Amino acid sequence: MAKLLKKVFESVKIRCNNNNNSCSSNLNETNRWFMKSDSCLELEELGLGLGGEFDRIPVDLFIQILKLLGPKESARISIVCKSWRIIVSDNRLWIYFLQNQNQLQQPWDSIVFAEKHLRSGYPLFQSIYNQSIQLSFMHIYGQRAQLNGSVIIDGGSGYCKFGWSKYASPSGRSATFLEFGNIESPMYSRLRHFFATIYNRMQVKPSKYPIVLSVPICHYDDTESAKAARRQLKETIYSVLFDMNVPAVCALNQATLALFAARRVSGIVVNIGFHVTSIVPILRGKVMREVGVEVLGQGAVKLTGYLRELMQQKNMNFGSLYTVRTLKEVFILFVSVVKSVFCLCLENLCYVATDYEAELQKDTQASFTVPGEGLFTLSKERFQTGEILFQPRMGGVLTMGLHRAVGLCMHHCQASEVTCDDGWFKTVVLAGGTACLPGLPERLEKELRAYLPTSMSEGIRVIPPQYGAESAWFGGKMISNMSTFPDAWCMTKNQFRQKSRRSFISSW
Ligand SMILES: Nc1ncnc2c1ncn2[C@@H]1O[C@H](COP(=O)(O)OP(=O)(O)OP(=O)(O)O)[C@@H](O)[C@H]1O
């Protein structure tokens, strides 16, 4: 180690003396070599060596040393001379640092997606056309390292998920609907109480950090009155937060955030929410209300209610709806035989059947003990609960089946010809707690293929909700950890006041 440091010192000394020597003519050549992943060339061979002992160290070894030194020291080293700067700015090095920056706990794919597609903030048009620009991960690392973190709130209509952008997942949940009334048409005082409660629970001062929050999928239509209602909701949210001295606010639609969490900028988001299911076409991050958002009148509450009905029909006794909900969502252990070996496996008690009629013929009986309530044994109720998404009449709901509603939305997308890319709506992203029912993505894809004409169903993909009920929260986390956050995404108090003043003046 001492020897190595001596070599480094000698090399630095020589470089400092020759600092004005030009290395720039070799830049392109160097980059070309760096693209070779197994390069073991020495700096001298690249024409970057200036005579120091350290220059005889192969470039790959140099990078290994930088990896050991860490991002801070590497950044310092880069100011020694141009040739070292070139080595230090090698993307491979900063990809390594970003991948190991575990406090953000974000999958690498999400980091790349965000930096590539969402850099320029909202709306996304600019970034779509600038995809060919090569990213500098050194720059990205530097900007991300300066972020102090932010508060993320996904105020769902049933449950609110809140937490800190540097945590792996939301730190808490609270019942939005029950505690704060109808969040779709909130009053100033209710919203203020809502946000104050969340900040209290998080033990964070509102004035300290920016906030990313999801705006509920509501006022779906493209009419003037729906537009006015959406504007009013957003303005009330901004007013409340800026009155609480929050420094910067990013308020985005719940479906858009869920789409980002699935690493997509275009597609159809199917959010199976607390009371309703929304089918939201989104093109380059923008909700296409002019194409049409479909809304079905059943969500998690309806499924729980239907399972309760089925259990009552079988004369099962249970204490409360919580018991039923537990049964709807619980995992059970079962013994399986794989290649003549017995193994213990986990599966959901309730699920969606790929083929409903065929499932009715099978023995699907399984049991679970709810603590304090006793043993419950379900058989066909296990898949009949989720079946009402496709056959709503079974549950007494007069609405379209999920596949028909998604198919209809696809027809509208195709007919609208809003873009020359006719495949943008073929990716269906599932979101919301109920979308976690196993078998749902496969069943929806199967039904869509059967329902749509072949020309349209070709290339369809239904993506399961990687983050379940927390999809929008994770979309918010992705944005708040980006190198261009908060400037590209947030509105500040001053900007909001100026905007309000301008619209006040123009309304005169
Ligand atoms: N693994 C699961 N399987 C089935 N249902 C689940 C699962 N996890 C959560 N749920 C259901 O999802 C519901 C909550 O969903 P979610 O948090 O997405 O709703 P929300 O965001 O409050 O509603 P909205 O999207 O309408 O604003 C709960 O009522 C719960 O019953």
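About the thresholds
- The numbers attached to residues start from 1 for each chain and follow its sequence in the written order.
- The predicted nature of this model means local features are confined to residues of pLDDT at least 70 and side-chain atom pairs, given and counted, to a pLDDT of 80 or more, with totals for whole chains, interfaces and linings taken over all residues.
- Hydrogens and waters are ignored; side-chain quantities use all the structure's heavy atoms.
- Here, nonpolar core means buried Ala, Val, Leu, Ile, Met, Phe, Trp, Tyr and Cys residues that are tied together by side-chain atoms lying within 4.5 Å of each other.
- Residue exposure (1.4 Å probe, protein chains only): buried if accessible area is under 20% of the type maximum, exposed if over 50%, otherwise partly exposed.
- Numbering of helices and strands starts at the N terminus; helices are DSSP runs of H or I of at least 4 residues and strands are runs of E of at least 2.
- Here a residue-residue contact requires only that any non-hydrogen atoms of the pair lie within 4.5 Å.
- Patches were defined on residues exceeding 30% relative accessible area and lacking a salt bridge, with like-charge contacts within 9 Å and nonpolar side-chain contacts (Val, Leu, Ile, Met, Phe, Trp, Tyr) within 5 Å.
- Note on areas: Shrake-Rupley, 1.4 Å probe, and residue coverage restricted to the protein chains presented here.
- For this analysis, a salt bridge means a side-chain nitrogen from Lys or Arg found within 4 Å of a carboxyl oxygen belonging to Asp or Glu.
- Note on charges: Lys and Arg go in the positive column, Asp and Glu in the negative column, and His and the chain ends are not counted at all.
- By convention, the point assigned to a charge is CZ for Arg, NZ for Lys, CD for Glu and CG for Asp.
- Nearness is judged by heavy atoms alone; a residue qualifies as near a molecule or strand once a single heavy atom is within 4 Å of it.
- In the analysis that follows, any N or O atom pair within 3.5 Å is treated as a polar contact, provided that within protein one partner can donate a hydrogen and the other can accept it, and provided that, for residues neighboring in sequence, both atoms belong to side chains.
- In this analysis, strands are considered paired if DSSP registers two or more bridges between them.
- Domain start and end points were adopted from an automatic or database domain assignment.
- Simply put, the buried area is the total loss of 1.4 Å probe accessible area from both parts when two parts are fitted together.
- Nonpolar residues are Ala, Val, Leu, Ile, Met, Phe, Trp, Tyr, Cys and Pro. Charged residues are Asp, Glu, Lys and Arg, and all others, Gly as well, are polar.
- Using a 1 Å grid laid over the protein atoms alone, points where a 1.4 Å probe fits but cannot get out form a cavity; open sets with protein on both sides within 12 Å along at least 5 of 7 lines form a pocket; any residue with an atom within 4 Å of a point counts as lining.
- Grid points are joined across faces, edges and corners, and a volume is the space filled by probe spheres set on the points.

Asker: Residues and numbers for the nonpolar core, please.
Answerer: By size, the foremost hydrophobic cluster in this structure holds 49 residues, and its most contacted members are Leu402 and Met410. Per-element accounting of this core gives the leading share, six residues, to helix α18 (residues 402-416). Contacts of Leu402, omitting those with residues within four sequence positions, involve Val270, Ile272, Thr277, Ile279, Leu296, Leu389, Phe390, Leu440 and Leu444. Counting 29 residues, the second-largest nonpolar core is a separate cluster that includes Val204, Leu233, Val240 and Val246.

Asker: Tell me what's going on with a positive patch on the surface, and back it up with residues and numbers.
Answerer: Taken together, the side chains of Arg231, Lys234, Lys499 and Arg502 make up a positively charged region of the molecular surface. One can find Arg502 in helix α22 (residues 493-506). A residue is classified by how much of its surface remains accessible, and Arg502, at 54% relative accessible area, is exposed.

Asker: Break down the site of the ligand for me, with residues and values.
Answerer: The ligand sits among 20 residues. The nearest are Ser157, Gly158, Tyr159, Lys161 and Glu329. Take Lys328: an N or O atom from its side chain is 3.0 Å from an oxygen atom of the ligand. In the environment of the ligand, an oxygen atom lies 2.4 Å from a nitrogen or oxygen atom belonging to the side chain of Glu329. Here the ligand has 650 Å² of accessible area as a free molecule, and 91% of this is covered by the chains. Of all the secondary structure elements, the ones that give two or more residues to the shell around the ligand are β2 (159-164) and α15 (321-329). The element that contributes the greatest number of residues to the shell around the ligand is α15, accounting for three residues.

Asker: Just give me the short version of the sheet that holds strand β1 (residues 151-155), but keep the residues and values in it.
Answerer: Strand order in this open sheet of six strands is β3-β2-β1-β4-β5-β16, and the pairing throughout is mixed. Each of the sheet's edge strands pairs with one partner strand only, and the pair in question is β3 (172-175) and β16 (491-492). When strand β4 (residues 211-215) meets strand β5 (residues 248-253), the two strands line up parallel, connected through five bridges. In the strand pairing of β5, Ile211 is matched with Val249.

Asker: Mind laying out the domain arrangement of the chain, listing which residues take part and the relevant values?
Answerer: Note: interface size is frequently given as the accessible area lost on complex formation between the parts. According to the domain assignment, the chain contains domain 1 (2-89), domain 2 (102-256 + 469-508) and domain 3 (263-297 + 399-465). With both chains or domains summed, domain 2 and domain 3 bury close to 2,000 Å², and 64% of this area falls on carbon and sulfur atoms. At the boundary of domain 2 with domain 3, the tally comes to zero salt bridges. For the side of domain 2 that touches domain 3, the secondary-structure elements that each account for two or more residues are α7 (108-117), α8 (125-129), α13 (254-261) and α21 (471-480). Per-element tally for the side of domain 2 that touches domain 3: the top contributor is α7, with four residues. Grouping the amino acids of the side of domain 2 that touches domain 3 by side-chain chemistry returns 15 nonpolar, nine polar and four charged.

Asker: Describe α13, listing the residues and the values that go with them.
Answerer: Counted residue by residue, α13 has eight buried out of eight residues, so it is predominantly covered. All of the buried residues in α13 are Gln254, Ala255, Thr256, Leu257, Ala258, Leu259, Phe260 and Ala261. Note on α13: the residue one or two positions beyond its end, Arg263, has a positive phi of about 60 degrees.

Asker: Talk me through unusual backbone geometry; I want residue IDs and the actual numbers.
Answerer: Outside of glycine, negative phi angles account for most residues, and trans bonds account for most peptide bonds. With an omega of 5 degrees, the peptide bond between Phe485 and Pro486 qualifies as cis. Assignment of secondary structure puts Pro486 in the loop between α21 and β16. The backbone of Asn315 sits at a positive phi, close to 55 degrees, despite the residue not being glycine. For Asn315, the location among the structural elements is in the loop between α14 (300-313) and α15. Of note, Glu417 is a non-glycine position whose phi angle comes to about 45 degrees, a positive value. Checked against the element boundaries, Glu417 lands in the loop between α18 and β14 (427-431). What makes Glu417 exposed here is its relative accessible area of 67%.

Asker: Explain the side chain of Asn253 to me, and be specific about the residues and the numbers.
Answerer: Here Asn253 lies in strand β5. At a separation of 2.8 Å, a polar atom in the side chain of Asn253 contacts the main-chain amide nitrogen of Ala255. Not counting residues within four places of it along the chain, the set of residues in contact with Asn253 comprises Val215, Ile217, Val287 and Arg289.

Asker: Can you break down the layout of surface pockets residue by residue, with the values?
Answerer: Estimated volume of the second largest pocket: approximately 950 Å³. What lines the second largest pocket is a set of 35 residues, and nearest its centre among them are Tyr122, Lys234, Tyr238, Ala251 and Leu252. Counting only elements with at least two residues in the lining of the second largest pocket, the list comes to α12 (224-243), β5, β8 (286-287) and α22. When its residues are assigned to classes, the lining of the second largest pocket shows 19 nonpolar, five polar and 11 charged. Residue assignment places the lining of the second largest pocket across two domains, with domain 2 (102-256 + 469-508) and domain 3 (263-297 + 399-465) each supplying three or more.

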